[in-house]
Amino acid sequence: MSARRPYIRPMPRTWWLRNPVFRRYMLREATALFVGGYGLVLLWGLSALRQGEGAWLAYLAGLSHPLALAFHTLALAMALYHTVTWFALTPKLMPSRIGNRPIPARWVKAAHYGLFALCSLVILLLAAGVH
Amino acid sequence: MNGTIVIEVQRYRPEQDPHPWWQAFELDYRPEMSVLDALHQIRDRHDSGLAYRWSCRMAICGSCGLMVDGVPRLGCKTFLRDYYPDRIRLGPLAHFPIERDLIVDLRDFLDKLAAVKPYLIRAAQDERPSEPRRQTPAQLARFLPFAQCISCGLCYAACPEYGLNNRFFGPAALALLHRYNRDSRDQGRAERLPTMNAEDGVWGCTFVGYCSQVCPKGVDPAAAINQGKIVSVIDYVRHLVGLSPATLGQDATQEGER
Amino acid sequence: MKSARRSNEPLTWSLFAAGGLLAAFLTPPLLLAPLGLLGEGLRFERVRAFLDHPLGALILWALIALPLWHAAHRLYHGLSDLKVGAHRLTYALCYGFAFLVTLYSGYLVWFA
Ligand code: SF4
Ligand code: FES
């Protein structure tokens with residue numbers, strides 16, 4: 001008879017609390033709630049826009065409510081964390097060399113942040129009313 | 001700087017222990033000692049029954065993997081001086097069944113490595129299958145980083161998705177699969193695609209990325225798996241529009257040097 | 001181990017990735033856009049004109065729908081990481097919601 005009695009360790013649902021790497025992973029995943037939540041804020045704005053100017057003004061007034069400002073601030077922090085983690089991972093999916101020559105990972109990252117700065121500039125100028 | 005250091009080791013002796021438990025040992029400390037040396041000292045001076053695996057002592061056989069303070073590491077490549085004077089906890093690799101003390105049952109892992117067809121496959125119409133095939137440095141570079149794996153299993157102990165669902169093929173096996181898919185001498189991609197395309201293939205991965213952090217050989221399984229997702233997406237679309245799977249020969253030109 | 005049925009995740013993952021990409025570049029600056037209340041940028045006629053342009057409509061639709069697919073995907077996998085709920089149920093709820101938002105926002109953008 002075999003003396004084997006393999007012991008299988010349980011995996012509690014709190015597994016991710018044990019290791020800082022896993023806590024950061026869960027935080028990264030949680031950013032999606034704010035990214036998606038902001039999509040709903042935009043949806044609300046879109047429907048207001050369709051209803052006419054009155055509804056649109058009410059929407060804008062809603063956006064300057066303290067609760068909405070609190071959401072925007074928290075969501076901004078989370079969205080930035082999403083950006084940073086996304087830029088850290090996506091270069092792994094891209095071509096890492098052209099022919100014999102490797103593309104330095106730093107360049108790929110720098111290009112991401114450069115494009116991010118450009119997008120931010122364009123959006124903020126548009127929002128400020130510049131044509 | 002010689003003193004003593006306390007090492008706690010997780011013990012499990014199936015014939016007498018109902019559960020694993022922790023046992024502390026006070027050892028003579030020297031800064032050049034590895035965790036593996038510490039285990040040898042315990043075995044030589046305190047308990048000759050302590051069970052653990054090792055062979056090469058130089059990070060090449062892949063048999064000495066264990067959890068050091070909860071982090072998967074090679075015992076021979078981890079040094080006490082990086083922890084001294086704190087105590088160190090040594091446990092068996094996470095997510096695998098414990099056989100005895102620090103020894104885990106790696107069968108599932110080894111079966112998965114074998115199941116991804118980790119060898120060069122040539123097409124049936126290949127007329128001279130055993131002829132030598134030359135590779136350019138660029139062709140070699142496509143797969144070389146993924147060929148460094150020593151099958152230590154650290155990445156499985158690091159992967160929560162494998163811990164939650166051990167049907168998932170896991171980091172090393174999928175990296176090995178990717179290594180053969182990217183080899184210009186191989187024509188077996190179509191045979192490996194079903195494994196990749198499955199729920200428990202590349203799609204079992206949520207890109208936690210810890211596997212790549214703990215790998216002692218710099219394999220980057222997370223990159224391999226997520227590049228595999230792109231391969232799988234392309235195959236999904238080909239399948240939808242009724243095309244047969246791309247062989248490497250075809251898409252090495254299409255895909256460039258991804 | 002030979003459960004080699006093809007997963008449909010290439011579909012949901014592609015939407016997730018598109019949403020994640022869009023959100024990484026655009027969501028942080030968009031969240032600052034209410035500061036535009038100080039300026040002219042959010043005047044009714046202006047935003048309405050943006051929506052009436054086909055390209056503007058497409059952009060707005062993508063900005064609403066894709067991040068929701070991104071969120072649905074991470075929420076579904078996050079819930080299974082936390083061992084919450086049956087997979088089929090959370091799958092239907094997460095992706096179903098993203099699907100409905102896609103339809104509704106598409107309707108508002110193109111047909112309302
Ligand atoms: S990929 Fe790295 S961590 Fe995983 S088994 Fe191979 S060498 Fe070990
Ligand atoms: S003893 Fe061989 S890898 Fe550590």
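Please read all numbers here as calculations on a predicted model, not as lab measurements.

Parameters and conventions
Residues numbered from 1 in each chain as written. Chains lettered and ligands numbered in written order. Predicted model: local features only at pLDDT ≥ 70, side-chain atom pairs only at ≥ 80, totals over all residues. Heavy atoms only, no water. Helix = DSSP H or I, 4+ residues; strand = E, 2+ residues; numbered from the N terminus. Expected span 1.5 Å × (residues − 1). Bend = angle between axes of the 7 residues up to and from the residue. Buried < 20%, exposed > 50% of the residue type's maximum accessible area, 1.4 Å probe, protein only. Disulfide = S-S within 2.5 Å. Patch = residues over 30% accessible without salt bridge, like charges linked within 9 Å, V, L, I, M, F, W, Y side chains within 5 Å. Areas by Shrake-Rupley, 256 points an atom, 1.4 Å probe, with all protein chains shown as cover. Salt bridge = Lys/Arg side-chain N within 4 Å of Asp/Glu carboxyl O. Contact = heavy atoms within 4.5 Å. Buried area = accessible area lost by both parts, 1.4 Å probe. Polar contact = N/O pair within 3.5 Å; in protein donor to acceptor, adjacent residues only side chain to side chain. Domains from an automatic or database assignment. Core = buried A, V, L, I, M, F, W, Y, C linked by side-chain atoms within 4.5 Å.

### A closer look at helix 1 (residues 9–32) of chain C
Residue and element names in this part refer to chain C.
Phase 1: For helix 1, which comprises 24 residues, the first-to-last C-alpha distance of 33 Å matches the rise-based estimate of 34 Å (1.5 Å per residue) to within 8%.
Phase 2: The axis of helix 1 is deflected most strongly, by about 45°, at Leu 26, and proline Pro 28 appears within four residues downstream.
Phase 3: With 17 of 24 residues buried, helix 1 is to be regarded as a mostly interior element.

### Digging into the state of the cysteines
Among covalent bonds in proteins, the disulfide is the one between the sulfur atoms of two cysteines.
Residues and elements named next belong to chain B.
Phase 1: Taken as a whole, this structure holds zero disulfides over all chains when the rule is applied.
Phase 2: Not engaged in a disulfide, the cysteine Cys 205 finds its nearest cysteine sulfur in Cys 211; these two sulfurs lie 6.8 Å apart.
Phase 3: The exposure class assigned to Cys 205 is buried, which follows from its relative accessible area of 10%.

### What about a nonpolar patch on the surface?
Residue and element names in this part refer to chain C.
Phase 1: Nonpolar side chains collect at one region of the surface, where Phe 50, Leu 55, Leu 58, Ile 59, Tyr 104, Tyr 107, Trp 110 and Phe 111 lie side by side and expose about 840 Å² of accessible area between them.
Phase 2: Elements with a minimum of two residues in the nonpolar patch: helix 3 (54–81) and helix 4 (87–110).
Phase 3: Assignment of secondary structure puts Trp 110 in helix 4.

### Some remarks on the interface of chain C and chain A
Phase 1: At the interface, 51 residues of chain C touch 51 residues of chain A.
Phase 2: Note on chain C versus chain A: buried area summed over both sides is about 4,600 Å², and carbon and sulfur give 73% of it.
Phase 3: In terms of surface lost to chain A, no three residues of chain C exceed C:Phe25, C:Leu31 and C:Arg74, which account for 17% of the buried area on that side.
Phase 4: The interface formed by chain C and chain A contains one salt bridge.
Phase 5: Applying the counting criterion to the chain C and chain A interface returns 13 residue pairs in polar contact (both at pLDDT 80 or more).
Phase 6: Breaking the side of chain C that touches chain A down by element, the ones donating at least two residues are helix 1, helix 2 (44–52), helix 3 and helix 4 of chain C.

### Quick look at the domain arrangement of chain B
All names here are of chain B.
Phase 1: The assigned domain composition of chain B is domain 1 (4–104) and domain 2 (107–256).
Phase 2: A straight line from the C-alpha centre of domain 1 to that of domain 2 covers 32 Å.
Phase 3: Between domain 1 and domain 2, the contact holds 16 residues from the first and 17 residues from the second.
Phase 4: Of the roughly 1,100 Å² buried between domain 1 and domain 2, counting both surfaces, carbon and sulfur atoms make up 69%.
Phase 5: In terms of surface lost to domain 2, no three residues of domain 1 exceed Pro 72, His 95 and Phe 96, which account for 48% of the buried area on that side.
Phase 6: Taken together, domain 1 and domain 2 are joined by zero salt bridges.

### Points about the nonpolar core
Phase 1: Counting 121 residues, the largest nonpolar core has A:Trp56, B:Ile7, B:Leu39 and B:Leu80 as the members making the most contacts within it.
Phase 2: The greatest single-element share of this core, amounting to 12 residues, is contributed by helix 1 (residues 20–51) of chain A.
Phase 3: When residues of this core are sorted by domain, at least three fall in each of domain 1 (4–104) and domain 2 (107–256) of chain B.
Phase 4: Ignoring sequence-local partners within four residues, the contact set of B:Leu80 consists of B:Ile5, B:Ile7, B:Tyr29, B:Met33, B:Ser34, B:Val35, B:Ala38 and B:Ile88.
Phase 5: One finds B:Ala175, B:Cys215, B:Val219 and B:Ala224 within the second-largest nonpolar core, a separate group that totals five residues.

### A few points about the environment of B:Trp22
All names here are of chain B.
Phase 1: You can see Trp 22 is positioned in strand 2 (residues 21–29).
Phase 2: On the basis of relative accessibility, which here comes to 35%, the residue Trp 22 falls in the partly exposed class.
Phase 3: Here the alpha-carbon distance between Trp 22 and Asp 44, two residues 22 residues apart in the chain, equals 19 Å.
Phase 4: Excluding residues within four positions of it along the chain, Trp 22 makes contact with Glu 8, Val 9, Gln 10, Arg 89, Leu 90 and Gly 91.

### A closer look at helix 4 of chain C
Phase 1: For helix 4 of chain C, which comprises 24 residues, the first-to-last C-alpha distance of 34 Å matches the rise-based estimate of 34 Å (1.5 Å per residue) to within 8%.
Phase 2: For helix 4 of chain C, the complete set of buried residues consists of C:Thr90, C:Cys94, C:Tyr95, C:Ala98, C:Val101, C:Thr102, C:Ser105, C:Gly106, C:Leu108 and C:Val109.
Phase 3: In this fold, the buried residues of helix 4 of chain C make contact with helix 1 of chain A together with helix 1, helix 2 and helix 3 of chain C.

### A closer look at the interface of chain A and chain B
Phase 1: In this assembly, 22 residues from chain A lie in contact with 39 residues from chain B.
Phase 2: Between chain A and chain B the total buried area reaches about 2,600 Å² when both faces are included, carbon and sulfur atoms providing 55% of it.
Phase 3: Looking only at chain A, the three residues that lose the most surface to chain B are A:Tyr7, A:Arg9 and A:Lys92, adding up to 26% of its buried area.
Phase 4: The interface formed by chain A and chain B includes three salt bridges.
Phase 5: Its salt-bridge partner being A:Arg4, residue B:Glu99 comes within 2.7 Å of it at the nearest N-O pair.
Phase 6: At the boundary of chain A and chain B, one finds 15 residue pairs in polar contact (both at pLDDT 80 or more).

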